[in-house]
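Residue-level structural notes
In case you want the letters, here they are:
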Amino acid sequence: MKKLINAPETVLDDALAGIAAAHPGLLSVDPVDRVITRAGGSRPGKVVLVSGGGSGHEPLHGGFVGTGMLDAACPGEVFTSPVPGQMLAAAKAVDGGAGTLFVVKNYTGDVLNFEMAAELAAEEGLSVETVLVDDDVAVQDSTWTAGRRGTGGTVFVEKIAGALAERGAPLAEVAGTARRVNAATRSFAVALTACTAPAAGKPGFDLPDDEIEVGVGIHGEPGRRREKLRPAREIVADMMAALLTDQPLTAGDQALVMVNGLGGTPLIELYVVYREVAAVLESRGVHIAANLVGDYVTSLDMAGVSITVCKAAPDLLDLWHAPVHTAALRWGM
Amino acid sequence: MKKLINAPETVLDDALAGIAAAHPGLLSVDPVDRVITRAGGSRPGKVVLVSGGGSGHEPLHGGFVGTGMLDAACPGEVFTSPVPGQMLAAAKAVDGGAGTLFVVKNYTGDVLNFEMAAELAAEEGLSVETVLVDDDVAVQDSTWTAGRRGTGGTVFVEKIAGALAERGAPLAEVAGTARRVNAATRSFAVALTACTAPAAGKPGFDLPDDEIEVGVGIHGEPGRRREKLRPAREIVADMMAALLTDQPLTAGDQALVMVNGLGGTPLIELYVVYREVAAVLESRGVHIAANLVGDYVTSLDMAGVSITVCKAAPDLLDLWHAPVHTAALRWGM
Amino acid sequence: MDIALARTWVQAIAAAMDKHKDLLTQLDSAIGDADHGANMHRGFSAVAAELPRFEAKTAGGILARTGALLISVVGGASGPLYGTAFRSLGKALDAPRADPATFAEALAEGLDGVRRLGAAAEGDKTMIDAYAPALAAFRTSAASGGDLAEASAAAADAAEQGMRATVPMQARKGRASYLGARSVGHQDPGATSTALIFRALADTAAAAREAA
Amino acid sequence: MDIALARTWVQAIAAAMDKHKDLLTQLDSAIGDADHGANMHRGFSAVAAELPRFEAKTAGGILARTGALLISVVGGASGPLYGTAFRSLGKALDAPRADPATFAEALAEGLDGVRRLGAAAEGDKTMIDAYAPALAAFRTSAASGGDLAEASAAAADAAEQGMRATVPMQARKGRASYLGARSVGHQDPGATSTALIFRALADTAAAAREAA
Ligand SMILES: Nc1ncnc2c1ncn2[C@@H]1O[C@H](COP(=O)(O)OP(=O)(O)O)[C@@H](O)[C@H]1O
Ligand SMILES: Nc1ncnc2c1ncn2[C@@H]1O[C@H](COP(=O)(O)OP(=O)(O)O)[C@@H](O)[C@H]1O
Ligand SMILES: [Mg+2]
Ligand SMILES: [Mg+2]
Ligand SMILES: [Mg+2]
Ligand SMILES: [Mg+2]
C-alpha cells in the first residue's frame, strides 16, 4: 500500500490536524470529539446543519463547513460512520436554539448512528430534523433493501439547505428544501480502479487493465457490473441514460450538474467527461444553470467519476448561487 | 492505459471543449488557436498576463485565467510546450495596449517557444516582458544545464503578479514583482507512482510497491533518486530540509505554502502532509500567512505531492489576499 | 452465566477480534467497505481496556456496559447493531447469575434488538443469519437440560453453520445489498463476527466448567 | 540536392517518424516526458500534408517552409530546434540545385542554428551528438568527391554512431538533464530522430541516383 500517511491507525487524526492547521480562520477542530465546526462558535437564532460520515470522501464533509453551508461535520474512521457521541457533540457545539438539521447519507451505519444521535439530542432538548440523501441510481430502491446510497447529491443538499439556513429560514423549511433537493437529484458512478483502504492495505478488488466497474458507490465496493473500458463518450452516454431514465429532464428544464472525480482521476479527464455530459443535456434542450467539475465526494484514491444531475427549480438555483465560504466551495465572498 | 478519454489524439481538444462548456461566463475558449481567455475580451490600459505550457497539469494554466490572475492561457499537447503562434494569438486576443507579461516555466521547450512568440509579438508592436519560473530545488542550477524546473511556484507568481496588474500597475512593476515572487519561492516533489501520458499508453517508469521517486518534476520523468516509502513525517522532513537549505526561513518570517497533489493523490493525504509541513515551519518560528492544499499543478494521474514555500514580504501577501475569480482559485468575489 | 464469566467472555471476544481482524476485513473487502475487522477490533479493544472499570452487580451489567461502549466507539452498521444486541442482552439479565434457560431468553432479547434496529430478516445475508440459528440451538440444548457449556457449544456450531450458509445468499440488507447478484458467493462479515462471538462464549463456558 | 529531392527527403522523414513514433516515445519516456514520438510525428505529418502546397523555386525554399511549419505545429524543445535547423538549412540553399559541398555548408548552417538556440554542445546528450558527426562525415565525403548519395550515406552512418554514443552520456541539456547521473545508460530521443532524418536523406539520395 502506497500512501502519504504516518500509519493506518493515525490517518484520521493526522488529517484532522492538517485541516485545523490549514484553515485556522475558517474552521475549529475538536481533535478529541473529532468535530469540525465553523470558527467562532454557535450562531444564536440560526438553524444549524450538521453532517458527517466515514472519512475517505474528502473534501466531504469538513470541506463544506462554513458560511452558507454546514455548521459542523463529524468525520468517522475511513469508510465508517461516526458514532452518536460525535454527532451529539457537533450538534451541541453549534446549536443556536433554532433547531438542527442532520444531513445523512443513506447507509445503514450512518442512518443507525444518526438515529441514535437524534434521540440523544432530543433528550438534551435540541429539536432535530434529519434529511436522508439517497441519490445513487445504480442501486435499486425497494422497501426490502437498504435503499439507494447517498453520494454526490450530498453537496447539492448541503449547499442549498445551508444557504436557506443562512438566510434565517426555520427548521421545517430548511429540512423541506433539503428533501426537495434530494428528491430532484440523481447520481451514477464508474470506477477505473479500486481504492485501497488504509486498514485493508490492499485494493478492494482486482480489475483487468481493460475493464471498469459500473455503478460503484464511494466506499471502494465493486459496482453493479463489470464492463470493457470504452471511449468516454460511450461511458457517459450509458451513465446519462441511467440518470435520465430514473428522472427524465426535458427541454427547458434547468439543471445543476456535478462531474466529480473519485480521488485518483485527474482534472483533464473530468473536463473530457463534462463535455460529454453537457452535450447530452444540450441535445435534450436542458439548460445547465450551474456546474461543478472537480473532486468533491471521493473514494480515497479510486480512479473514476460520478455524475450528479439535479433538476433545479428557480428558488433552488437562487440558493445555489448565494454566497458560500468553505474550504472546498467558495463564491460571492 | 485506463483513462476517461475518447482517444489519445483528442484529449486536449475534448478537455478544452469541456472547459468552455463548464465556465461560460468566466472563460472564452478559441478551439482553433487553442487559447483560453477571460470572457469579455481585452481590457484597455491593463497589463495582461499570458501563460501556457504543456497540458496534463490541470488546473494549470487555464484554471487560473480570470479576474486578478491570468488574462490568457495557451495549452500545448500533453507535456508539450505550446507553439509560438498560440502564444501570439493569446497575447493579441487580450492586449490592452499596456504591455504583456509572459509567465514561462523554465523548460527548454517552453523557453524557446515563448522566446519566438516574444519576437513575433514585438514585430506586431506589443511590448512583452517575460518572467521565468524556476522554483524546483530538486534540480541543480548551473549555467551549464537547463537550470531549475518551474513547478508549483507558478501559482504564486501568477496570482500575485495578476493581482498587481489588476490594480493597474505598469508592465515593469508587474514583471519585477513576478520575478521577486519567483526568487522567493522553492518547490520539491515526490512521486508514489508514475503517470501515464496518453500518447505513451503506459506508465513512464516502474516503481516497486515500497519505493518512491524523490525529486520528480511534473512531466512524469523519474526523480533524482529512488527511496523506500516511509511515514509521511519523515518524507516531509526531507523535503522541507531540501527547501529550507536552499532558502532558509527563520523565526518571524511569513510564508505562503502550497501542498499540491500531483493528480492521483487524495485530499486526505494532502492534509496529512500539510500537517507535517506546518509543524516543521512552526518549529522554526515561521508563520504561515496563507496556504493552499489541493491539486493545482498536476502531472496527469501521478500519485505524489509537491511542497512549495514562498518567503513572502508584506506587499506580496497583500496581493495574495486580493480578490481573485478563476476556475481553480476564487476568493473575495 | 455470572459476572466473572461475562467478563471472561467479553475478553475472549476481544482476543478473537484481534486474531481474526484481517479475515473480517478481507470478507468485508469483497462485498463491503473493508472496515469490519477494524470496527470490531476497535470496539472490543476499547471494551477490554475499560472492562476493569466496569462496575456491575450482574452479568447483565457487564454486557450492557459492553453494548454502550460499542455504540460509542465503533460506528458503522456493526456499532449500533452489536451495541444494541449487548445492551438488550445485558438489560435482560438483571440477576447476579443466570441459568441457561434465562440466558437463552436474554440472548433472544439481543437478537430482537438487532432485528428492530436493522429491520433485517433471516436470509438477508447479515449477522442475523448466524445469530438466529445460534439462539435456536442454545434454546434447544438448554430446554433439554444442557448446561451453559453444552448450550453454548451447540450455539457456536449453529452460528458457524449459519455463517457458512450466508455464502450462497444474495444480500438484501447492509452494504453488500448494493452488489445485487454479485454478493452471492461471499461469506458475510457480520455473520462471521457473530460466529466468533458465540465460539468465544462456548470456549469460555467450557473452560469455566473444567475449572469448576 | 534539388527541389524534387528536397520534397522526397521530407516525405521520407515523415514516413520514418510515422514508423518509429513509438520508439522515440519510448526513449523519451525513459529520460524525458514521453512525447518526442508524438511531436515528431505531428510535425512531419503536417509537413507531408502541406508539402503539395509548398511553392518554392529552390530546394532551400522547401526546407525553409518545412522548418517554419515545424515551429508552428510541434511545440516542445524539438519544435523550435528542428524548425530552426530546417529554416537555417533552407535559407542557405537559395539556388534551384546544390552540389554536395554547398549542401554541406547548408547543413552546417542548420547545426549552427540549433547550437545558437539551444546552447548545447557536443557531449550534452542531445540531437547535436548525432547532427555534428553526421555533418563532419558529410563534409569529408563531399570534399573527397563523394556525390550526395555517398556523402549522405556517410552522414547517416555517423549520425547513428553518434546516436548510440549518447547512451553512456550524462545529459546536461533538455529534460534528461534533470535526471543527473540517472540519464546515463539511455539513448537520447532527439539524437535518434536526427539519425532517422539523415538515414532518410541517404535513402532518398541513393534512390535518386539509381533512378537517374
Ligand atoms: N440491517 C442490518 N441488520 C443486521 N445486520 C446488518 C445490517 N446491515 C449490515 N449488517 C451487518 O453488518 C455487517 C457490516 O458491518 P461493518 O462492516 O462493521 O459496517 P458497515 O457496513 O457500516 O461498514 C454486515 O456484514 C452485516 O452482517
Ligand atoms: N538545448 C538543447 N539543444 C539541442 N537539443 C536539445 C536541447 N534540449 C533538448 N534537446 C533535444 O530535444 C529532445 C527532446 O525533444 P522533445 O521530447 O520533442 O521535447 P521536450 O523535451 O520539450 O519534451 C532531446 O532528446 C534532445 O535531443
Ligand atoms: Mg463502513
Ligand atoms: Mg515535452
Ligand atoms: Mg464495512
Ligand atoms: Mg519530450
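Rules behind the numbers
Residues numbered from 1 in each chain as written. Chains lettered and ligands numbered in written order. Predicted model: local features only at pLDDT ≥ 70, side-chain atom pairs only at ≥ 80, totals over all residues. Heavy atoms only, no water. Buried < 20%, exposed > 50% of the residue type's maximum accessible area, 1.4 Å probe, protein only. Helix = DSSP H or I, 4+ residues; strand = E, 2+ residues; numbered from the N terminus. Pairing = 2+ DSSP bridges. Right-handed = clockwise from strand over helix to strand, strands pointing away. Axes fitted to C-alpha atoms, helices over the stretch in contact; angles between N-to-C directions. Contact = heavy atoms within 4.5 Å. Near = heavy atom within 4 Å. Polar contact = N/O pair within 3.5 Å; in protein donor to acceptor, adjacent residues only side chain to side chain. Areas by Shrake-Rupley, 256 points an atom, 1.4 Å probe, with all protein chains shown as cover. Nonpolar A, V, L, I, M, F, W, Y, C, P; charged D, E, K, R; others polar. Buried area = accessible area lost by both parts, 1.4 Å probe. Salt bridge = Lys/Arg side-chain N within 4 Å of Asp/Glu carboxyl O. Core = buried A, V, L, I, M, F, W, Y, C linked by side-chain atoms within 4.5 Å. Domains from an automatic or database assignment. Donors = N, O, S within 2.8 Å, 3.2 Å for Na, K, Ca; no water. UniProt positions renumbered as here; feature names shortened; annotations may be inferred.

**Here we look at the pairing of strand β6 (residues 100-105) of chain A**
Residue and element names in this part refer to chain A. With respect to burial, β6 is a largely interior element, 6 of its 6 residues being buried. Side-chain alternation along β6 places T100, F102 and V104 on one buried face and L101, V103 and K105 on a second face that is also buried. Of the pairings in the sheet, the one linking strand β3 (residues 48-55) to β6 comprises 4 bridges and is parallel in character. Paired with S51 across the two strands is V103, which belongs to β6. In this sheet, strand β7 (residues 128-133) lies alongside β6 in parallel orientation, the contact comprising 6 bridges. By the bridge assignment for β7, L101 is matched with E129. Handedness of the β-α-β unit built from β6, helix α3 (residues 108-123) and β7 comes out right-handed.

**Observations concerning the sheet that holds strand β1 (residues 27-30) of chain A**
All names here are of chain A. Judged by pairing direction, the sheet is mixed, and its 6 strands sit side by side in the order β1-β2-β5-β3-β6-β7 without closing on themselves. Looking at the sheet topology across the chains shown, the edges are occupied by β1 and β7. Each strand axis lies, on average, 20° off the axis of its neighbour in the sheet, ignoring direction. Taken together, the 5 bridges between β3 and strand β5 (residues 72-78) define a ladder with parallel strand orientation. Paired with S55 across the bridge in β5 is V78. Most of the contacts of α3 go to β6, to which it runs at about 165°, and overall it touches β3, β6 and β7.

**Observations concerning the site of ligand 1**
Residues and elements named next belong to chain C. Near ligand 1, the surroundings consist of 21 residues, among which D33, H36, A77, S78 and D188 are the closest. Residue D35 places a side-chain N or O atom 2.9 Å away from an oxygen atom belonging to ligand 1. Here ligand 1 has 570 Å² of accessible area as a free molecule, and 96% of this is covered by the chains. For the shell around ligand 1, the secondary-structure elements that each account for two or more residues are α2 (36-50), α4 (78-91) and α8 (189-211). No other element matches the 3 residues that α8 contributes to the shell around ligand 1. Broken down by class, the residue content of the shell around ligand 1 amounts to 6 nonpolar, 9 polar and 6 charged.

**Quick look at the interface of chain B and chain A**
Across the boundary between the two partners, chain B contributes 56 residues, which contact 56 residues of chain A. Interface area, chain B with chain A, both sides summed: about 4600 Å², of which 64% is carbon and sulfur. Area buried by chain B at its contact with chain A is led by K2, L4 and I268 of chain B, which between them contribute 20% of it. The interface formed by chain B and chain A includes 4 salt bridges. With a shortest N-O distance of 4.0 Å, K3 of chain A and E269 of chain B are connected by a salt bridge. Of all elements in the fold, only α1 (11-22), α6 (232-246), α7 (267-283), β11 (287-294), β12 (304-311) and β14 (330-331) of chain B reach the threshold of two or more residues within the side of chain B that touches chain A.

**Structural notes on the site of ligand 2**
Every one of the 21 residues lining ligand 2 counts as a neighbour, but D33, H36, A77, S78 and D188 of chain D are closest to it. One finds residues of chains B and D in close proximity to ligand 2. Take S78 of chain D: an N or O atom from its side chain is 2.5 Å from an oxygen atom of ligand 2. In the environment of ligand 2, an oxygen atom lies 3.0 Å from a nitrogen or oxygen atom belonging to the backbone of M127 of chain D. Calculation on ligand 2 without its partners gives an accessible area of 570 Å², and the protein chains cover 96% of this total. Put simply, the parts of the chain that give the shell around ligand 2 at least two residues each are α2 (36-50), α4 (78-91) and α8 (189-211) of chain D. No other element matches the 3 residues that α8 of chain D contributes to the shell around ligand 2. Split by residue class, the shell around ligand 2 holds 6 nonpolar, 9 polar and 6 charged.

**Considerations on the nonpolar core**
Grouped together as the largest cluster of nonpolar side chains are 109 residues, with contacts concentrated most on L101 and L329 of chain B. When residues in this core are grouped by element, the largest group, 10 residues, is from helix α7 (residues 267-283) of chain A.

**Re the sheet that holds strand β5 (residues 100-105) of chain B**
All names here are of chain B. In space, the 6 strands of this open sheet follow the order β1-β2-β4-β3-β5-β6, with mixed pairing throughout. Whereas interior strands pair on both sides, the edge strands pair on one side only; in this sheet they are β1 (27-30) and β6 (128-133). Each neighbouring strand pair of the sheet contributes to a mean axis angle of 20°, computed without reference to strand direction. With 2 bridges connecting them, strand β2 (residues 35-38) and strand β4 (residues 72-78) associate as antiparallel partners. The residue of β4 that forms the bridge with T37 is A72. Sitting on the sheet, helix α5 (residues 171-183) is in contact with β3 (48-55), β5 and β6, with an inclination near 5° to β6.

**Here we look at the domain arrangement of chain A**
All names here are of chain A. Under the domain assignment used here, chain A contains domain 1 (8-184 + 321-331) and domain 2 (185-313). For domain 1 and domain 2, the distance between their C-alpha centroids amounts to 23 Å. On the side of domain 2, 36 residues touch domain 1, which itself brings 35 residues to the contact. With both chains or domains summed, domain 1 and domain 2 bury close to 2700 Å², and 63% of this area falls on carbon and sulfur atoms. Remark: the boundary between domain 1 and domain 2 carries 2 salt bridges. Residue R149 pairs with E221 through a salt bridge whose shortest N-O separation is 3.2 Å. Here domain 1 is connected to domain 2 by 18 residue pairs in polar contact (both at pLDDT 80 or more). Those elements that provide at least two residues to the side of domain 1 that touches domain 2 are α4 (153-166) and α5 (171-183). Each residue belonging to the side of domain 1 that touches domain 2 can be placed in one class, and the counts come to 19 nonpolar, 9 polar and 7 charged.

**Let's talk about the coordination of the magnesium ion (ligand 3)**
Bound to the magnesium ion (ligand 3) on the protein side are F79 of chain A (O), D33 of chain C (OD) and D35 of chain C (OD), at distances that span 2.1 to 2.3 Å. Between the two metals, the magnesium ion (ligand 3) and the magnesium ion (ligand 5), the spacing is 3.5 Å, and D33 of chain C donates to both. You can see F79 of chain A sitting in the loop between β5 and α2 (84-94) and its partner D33 of chain C sitting in the loop between α1 (3-31) and α2, one on each of two chains. Assigned by exposure class, F79 of chain A and D33 of chain C land together as buried.

**Observations concerning the coordination of the magnesium ion (ligand 5)**
Residue and element names in this part refer to chain C. Around the magnesium ion (ligand 5), the protein contributes the donor atoms D28 (OD), D33 (OD) and D35 (OD), at 2.0 to 2.2 Å from the metal centre. Counting gaps between the donor residues of the magnesium ion (ligand 5) yields the pattern D-x4-D-x1-D. Residue classification places D35 among the buried residues on the basis of a relative accessible area of 7%.

**Quick look at the interface of chain A and chain C**
Residue-level contacts link 36 residues of chain A with 31 residues of chain C. Together, the buried faces of chain A and chain C total about 2500 Å²; carbon and sulfur atoms form 56% of this surface. When the buried surface of chain A facing chain C is broken down by residue, L112, M116 and R224 of chain A rank first, second and third, together holding 19% of it. Counting across the interface, chain A meets chain C through 1 salt bridge. Across the salt bridge formed by R182 of chain C and E213 of chain A, the nearest N and O atoms sit 2.7 Å from each other. At the boundary of chain A and chain C, one finds 8 residue pairs in polar contact (both at pLDDT 80 or more). Counting residues per element, the side of chain A that touches chain C draws most heavily on α3 of chain A, which supplies 6 residues.

**Some words on the UniProt feature "domain: DhaL" (unreviewed entry) in chain C**
Per the UniProt record, the feature "domain: DhaL" (unreviewed entry) sits at residues 4-203 of chain C. Secondary structure within residues 4-203 of chain C divides into 70% helix and 0% strand; the distance between the first and last C-alpha atoms comes to 14 Å.

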